[in-house]
Amino acid sequence: MSRYWSPFVHSLSPYVPGEQPKTDNLVKLNTNENPFGPSPKALEAIRAAADDKLRLYPEPSSEQLRETIARYYGLTTEQVFIGNGSDEVLAHIFLGLLKHDRPLLFPDISYSFYPVYCNLYGIDFQRVPLDNQFAIRVDDYLQPSSGIIFPNPNAPTGRLLPLDDIERLLRMNDGVVIVVDEAYIDFGGESAARLIPKYPNLLVTQTLSKSRSLAGLRVGFALGQPALIEALDRVKNSFNSYPVDRLAQVGAIAAIEDEAYFEQTRQAVIANRDWLTGALKKLSFEVLPSQANFVFCRHPAHEGRVLAEALRARGVIVRHFDKPRIEQFLRISIGTEAECRQLIDALTEILG
Ligand SMILES: *Cc1c(COP(=O)(O)O)cnc(C)c1O
């Protein structure tokens, strides 16, 4: 605290990211990074772009990257917005599209950055409880709001809401924007991007941090009809005209174009998730059905916090949220086969 702060800063409650440990000898299953490296073609493109041109500003709207993403999803360039990680894209969405007179709706168990943005931008919000199976109940969102946002698959539950339900939500709430945060969609769901031509109130966000293994590059994007994208452009150009640097733009293009590598690593994560789910169930864990690159699970007889601490003592870090309804749970990112096995070995030892 300091008297130099703008008064409003005292009221902020910032997001707390998962730990990024300083040592390399931990099995890191706490922040949903991809256990496989980025596409070698992306790394090559980044190296090739590290030249004298870095003295020049990047293309401000990431034109070529937008073209690449538009082509990938069968959309037009005017339907794509790029930002410095999808967190930045989300921030612009909250300010540009979700700040109206009524509360914004999102699930009670969801991405914990959402209430942080509401706090930052002065947006009223209401948490809508998931059902007792931790699933989104679409009918609960039939109420006046300034918009709706949720991750699909949801985080940290991993549960997927089917596209039919998303369409129902879009039709029920055609006066407000519905944001589907698809950070994990490539690990088991079908993107809502194909609904964009049909629904002017749909905005889909994605990131290259998870399925493209480029969390360190910071590239995310939003897909929607041009009127929604224009609002994001207006906010972006009132904040930072050059959010995505030259290296990130070329690296992202190469990563999206390397479909073979994407498919191979995505399938490996899915296979490891299936193995890990089975192994956890054998240890008596309840594991929610996950379509993401993590599982959310609880043991009937052991506290989540205690298990997380015991795992850490054995060199494995997972995420525990000290929050109502989910204190018992652990969120475990899908690692390599060896990492998944180390986790199971450590848990077997802990559970005796
Ligand atoms: C990881 C994550 C993001 C943020 O991704 P970045 O592009 O790395 O900023 C957004 N939403 C959800 C639900 C996430 O889990």
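Residues numbered from 1 in each chain as written. Predicted model: local features only at pLDDT ≥ 70, side-chain atom pairs only at ≥ 80, totals over all residues. Heavy atoms only, no water.

An unreviewed UniProt entry lists the chain under the name Histidinol-phosphate aminotransferase, from Alkalilimnicola ehrlichii. The UniProt entry for the chain carries the following text under Cofactor (unreviewed entry): "pyridoxal 5'-phosphate". The Catalytic activity (unreviewed entry) field of the UniProt record for the chain holds the comment "L-histidinol phosphate + 2-oxoglutarate = 3-(imidazol-4-yl)-2-oxopropyl phosphate + L-glutamate". (UniProt positions renumbered as here; feature names shortened; annotations may be inferred.)

Student: So what's going on with the UniProt feature "modified residue: N6-(pyridoxal phosphate)lysine" (unreviewed entry) in the chain? Which residues, and what values?
Tutor: Feature annotation in UniProt assigns "modified residue: N6-(pyridoxal phosphate)lysine" (unreviewed entry) to the following positions: Lys210. Counting through the fold element by element, lysine 210 comes out in the loop between β7 (202-207) and β8 (220-224). Given the relative accessible area of 17%, lysine 210 is considered buried. With near-sequence residues (within four places) excluded, lysine 210 lies in contact with Asn32, Asn34, Ala183, Tyr184, Phe187 and Asn293. A polar side-chain atom of lysine 210 sits 3.3 Å from a polar atom in the side chain of tyrosine 184. (Helix = DSSP H or I, 4+ residues; strand = E, 2+ residues; numbered from the N terminus. Buried < 20%, exposed > 50% of the residue type's maximum accessible area, 1.4 Å probe, protein only. Contact = heavy atoms within 4.5 Å. Polar contact = N/O pair within 3.5 Å; in protein donor to acceptor, adjacent residues only side chain to side chain.)

Student: Requested: an account of the state of the cysteines, with residues and values cited.
Tutor: Working definition of a disulfide: a covalent bond connecting the sulfur atoms of two cysteines. Under the definition given, this model contains zero disulfides. Among the cysteines around cysteine 297, which has no disulfide bond, cysteine 340 carries the closest sulfur, lying 12 Å off. (Disulfide = S-S within 2.5 Å.)

Student: Any details on the nonpolar core? Residues and values, ideally.
Tutor: In this structure, Ile69, Phe150, Leu202, Val219 and Leu223 are the most contacted members of the largest nonpolar core, which totals 51 residues. In terms of residues, this core owes the most to one element, helix α7 (residues 246-257), which gives six residues. Two domains share this core, each providing at least three of its residues, namely domain 1 (2-38 + 260-351) and domain 2 (41-258). Beyond its immediate sequence surroundings of up to four residues, phenylalanine 150 is in contact with Pro107, Tyr114, Ile136, Leu161, Ile166, Leu169, Ile178, Val179, Val180 and Asp181. Counting residues in each nonpolar core, the second largest holds 32 residues, with Ala292, Val295, Ala308 and Leu347 among its members. (Core = buried A, V, L, I, M, F, W, Y, C linked by side-chain atoms within 4.5 Å. Domains from an automatic or database assignment.)

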